Amino acid sequence: MRTALLQLTSSDDPAQNLGLVRGLLHEAAAAGAGFALTPEVTNCVSMSRPHQAQVLRNEAQDETLSGLRDTAAKLGIWLLIGSLAVKSDPPEDRFANRSFLIAPDGEIRARYDKIHMFDVDVSETESYRESSGYAPGTRAVVAQTPFGTLGLSICYDIRFPHLYRALAQAGAQILTVPSAFSPVTGAAHWESLLRARAIETGAWVLAPAQTGTHPASTGKCRSTYGHSMVISPWGEVIADAGTEPGLTLVDLDLNAVSKARARIPSLTHTRSFESP
Ligand SMILES: O=C(O)CNC(=O)[C@H](CS)NC(=O)CCC(=O)C(=O)O
């Protein structure tokens, strides 16, 4: 299946971001892609909770979701919206960081709420407290498509290998890791983490990313690492998008999954052991 990763520099204006994503999806479909993926927080990259509270909507009212469902249906493609920041149902007053898998008929086939929250001091001047704004998910998700079984995850989840082992053991052949990685940790860890998860599971890893300096109408601009990547089930870097926004196209071959797993059947070699 020809697959397109969209690398974005999303701003904090959801309407503007929707227009850019639609343009890239048209290009992807024209290039023969039947599956496209967008990064984490496709609809809004913002460091300002008050701004997010003003521009974000709950799922039913979210115009990025309805707009992209419409585009996927018009183009007849599968679409993983890496994530949208959406308002949760009361009494929860934090947002959800939620992936959506859209089928070529425009229907939502799967949802996944990011489980692991990035509450980290990256450097002396750069801190993130994702759990202050977002409520974590509690459920791992796999989804069937005609081109393979997807295992869904988001960004900081990549640091928790047991999630990916569980997804692979539940049948996932393609792991999705839409991200907005910090430049500092991206340079140090991004490629190694993605390659490790591919090697451990013998699955394709598709990691569409936010990149660059994100324009903000209020508060501080945020920067992200970019380098959207496709990793083969054997752990090879098949594509690295660098730091410019745009499209990356690859042809996914599911035979590579069974080949990698036949060579190293570690997924079937789990043993239980006493805790240390
Ligand atoms: O804040 C939002 O609106 C959406 N959430 C994110 O962008 C999250 C939390 S700040 N980013 C990450 O998880 C980066 C992880 C990372 O960089 C690492 O693991 O090193």
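Just so it is clear, the structure is predicted and the values come from calculations on it, not from any experiment.

Colleague: Please explain the overall build of the protein as it appears in this structure.
Modeller: Regarding its fold elements, the protein presents seven helices and 16 strands. Taken over C-alpha atoms, the radius of gyration comes to 18 Å for the protein, in line with the 19 Å a tight globule of 276 residues would show. Here the protein holds 276 residues, and the buried ones make up 43% of them. Partitioning the intrachain contacts of the protein with sequence separation of at least 6 by distance along the chain shows that 69% fall at a separation of at least 24.

Colleague: Which parts of the structure should I look at to understand the nonpolar core?
Modeller: One recurring pattern in soluble globular proteins: nonpolar side chains tend to sit buried together. Counting 70 residues, the largest nonpolar core has Ala36, Leu79, Leu175, Leu194, Ala203, Val205 and Leu206 as its most contacted members. Ranked by residues supplied to this core, first place goes to strand S3 (residues 78-87) with seven residues.

Colleague: Please clarify how the sheet that holds strand S11 (residues 204-207) should be interpreted in this entry.
Modeller: Across a sheet, strands are paired by hydrogen bonds formed along the backbone, either parallel or antiparallel in direction. If you walk across this open sheet you meet the six strands as S8-S9-S10-S11-S14-S15, and the pairing is mixed. At either margin of the open sheet sits one strand with a lone partner, and together these are strand S8 (142-145) and strand S15 (237-240). Strand-to-strand, the axes of this sheet are offset by a mean angle of 20°, without reference to chain direction. As paired strands, strand S14 (residues 229-231) and S15 are joined by three bridges and run antiparallel to one another.

Colleague: Is there a simple way to think about the sheet that holds S3 in this case?
Modeller: Read from one edge of the open sheet, six strands run S5-S4-S3-S2-S1-S16, paired in mixed fashion. Because the sheet does not close on itself, it has two edges, and the strands there are strand S5 (108-113) and strand S16 (246-251). Each adjacent strand pair in this sheet contributes to an overall mean axis angle of 25°, direction not counted. Bridge count between strand S2 (residues 35-37) and S3: three bridges; the pairing is parallel.

Colleague: Honestly, unusual backbone geometry in this entry has me stumped. Any pointers?
Modeller: Excluding glycine, most residues fall at negative phi; most peptide bonds, likewise, are trans. Residue Pro91 is bonded to the preceding Pro90 through a cis peptide linkage, with omega at 10°. Counting through the fold element by element, Pro91 comes out in the loop between S3 and strand S4 (95-102). Residue Val41 is not a glycine yet carries a positive backbone phi of 40°. Here Val41 shows up in the loop between S2 and helix H2 (49-55). According to the C-beta neighbour criterion, Val41 is buried, with 30 such atoms within 10 Å. Phi at Cys155 is positive, roughly 45°, even though this residue is not glycine. By the secondary structure assignment, Cys155 is in the loop between strand S9 (148-152) and helix H5 (161-169).

Colleague: Teacher, can you tell me more about the packing of H5 against helix H6 (residues 183-201) here?
Modeller: Each packed pair of helices is defined by two parameters, the angle between the axes and the distance between the axes. In contact at an axis separation of 10 Å, H5 and H6 are set at 35° when each is read in the N-to-C sense. Taken as a pair, H5 and H6 cross one another with a handedness that is right-handed. The residues of H6 that touch H5, namely those facing Pro161, Tyr164, Arg165 and Ala168, are Arg197, Glu200 and Thr201. Of the residues assigned to the contact of H5 with H6, the class counts are three nonpolar, one polar and three charged.

Colleague: How should I be thinking about the UniProt feature "domain: CN hydrolase" (unreviewed entry) in the protein in this particular structure?
Modeller: Per the UniProt record, "domain: CN hydrolase" (unreviewed entry) is annotated on residues 1-254. Between the C-alpha atoms that bound residues 1-254 the distance is 9 Å, and the span itself is 27% helix and 30% strand.

Colleague: What should I look at first to understand the site of the ligand in this one?
Modeller: Inspection of the region around the ligand gives 14 residues, with Phe118, Cys155, Tyr156, Ala180 and Thr185 positioned closest. Partitioned by chemical class, the residues of the shell around the ligand number eight nonpolar, three polar and three charged.

Colleague: Explanation requested: helix H1 (residues 14-30) in the structure shown.
Modeller: Side chains three or four residues apart in an α-helix point the same way, a direct result of the helix having 3.6 residues per turn. With 17 residues, H1 extends 24 Å from end C-alpha to end C-alpha; this agrees with the ideal 24 Å at 1.5 Å per step. Among the residues of H1, those classed as buried are Pro14, Asn17, Leu18, Val21, Leu25 and Ala28. Burial along H1 is one-sided: seen end-on, the buried residues are contained in an arc of 100°. What points out from H1, more than 90 degrees from its buried face, is the exposed set Ala15, Gly19, Gly23 and Ala30. Elements in contact with the buried residues of H1: strand S1 (2-7), S2, H2, helix H3 (63-75) and S16.

Colleague: Looking at this model, I keep getting lost on the environment of Ser123. Mind explaining?
Modeller: One can find Ser123 in the loop between strand S6 (119-121) and strand S7 (127-129). For the pair formed by Ser123 and Val184, sequence separation is 61 residues and the distance between their alpha carbons is 8.2 Å.

Colleague: Help me out: how do you make sense of the packing of H1 against H3 in this one?
Modeller: Contact geometry for H1 and H3: axes closest at 10 Å, N-to-C directions at 15°. It follows that H1 is roughly parallel to H3 by the angle criterion. With respect to the hand of their crossing, H1 and H3 are arranged in right-handed fashion. Note on element contacts: H3 touches H1 through Glu63, Thr64, Gly67, Leu68, Thr71 and Leu75, opposite Pro14, Asn17, Leu18, Val21, Arg22, Leu25, His26 and Ala29. A class-by-class count of the residues in the contact of H1 with H3 yields seven nonpolar, five polar and two charged.

The rules behind the values
- Residue numbers run consecutively from 1 along every chain, following the written order of its sequence.
- The predicted origin of the model limits local features to residues at a pLDDT of at least 70 and limits the giving and counting of side-chain atom pairs to 80 or more, whereas totals for whole chains, interfaces and linings rest on all residues.
- Going along the chain from the N terminus, every DSSP run of H or I of four or more residues is numbered as a helix, and every run of E of two or more is numbered as a strand.
- Each radius of gyration is computed over the set of C-alpha atoms, and the globule rule expresses the reference value as 2.2 Å times the number of residues to the power 0.38.
- Remark: C-beta atoms are placed from the backbone, and a residue is labelled buried if 20 or more other C-beta atoms sit within 10 Å of its own, exposed if 12 or fewer do, or partly exposed between those counts.
- Note that contacts rest on C-beta atoms placed from the backbone: two residues are in contact if these are within 7 Å.
- The nonpolar core is taken to be a set of buried Ala, Val, Leu, Ile, Met, Phe, Trp, Tyr and Cys residues joined by way of C-beta atoms within 7 Å.
- Here a strand pair is declared whenever DSSP counts at least two bridges between the two strands.
- Lines fitted to C-alpha atoms define the axes, with helix axes restricted to the stretch in contact, and inter-axis angles between N-to-C directions lie between 0 and 180 degrees.
- Less than a right angle of anticlockwise turn of the near helix away from the far helix marks a crossing as left-handed, whereas a clockwise turn marks it as right-handed.
- Nonpolar residues are Ala, Val, Leu, Ile, Met, Phe, Trp, Tyr, Cys and Pro. Charged residues are Asp, Glu, Lys and Arg, and all others, Gly as well, are polar.
- UniProt positions are given in the numbering used here, feature names are shortened, and annotations may be inferred rather than shown by experiment.
- All residues are tested the same way: a C-beta atom is placed from the backbone, and lying within 6 Å of a molecule or strand makes the residue near it.
- Helix span, as expected, comes to 1.5 Å for every residue beyond the first.
- When we speak of the arc, we mean the arc of directions from the helix axis to the C-beta atoms.
- Orientation is classified from the angle alone, with under 35 degrees giving roughly parallel, over 145 giving roughly antiparallel, 65 to 115 giving roughly perpendicular, and any other angle giving oblique.

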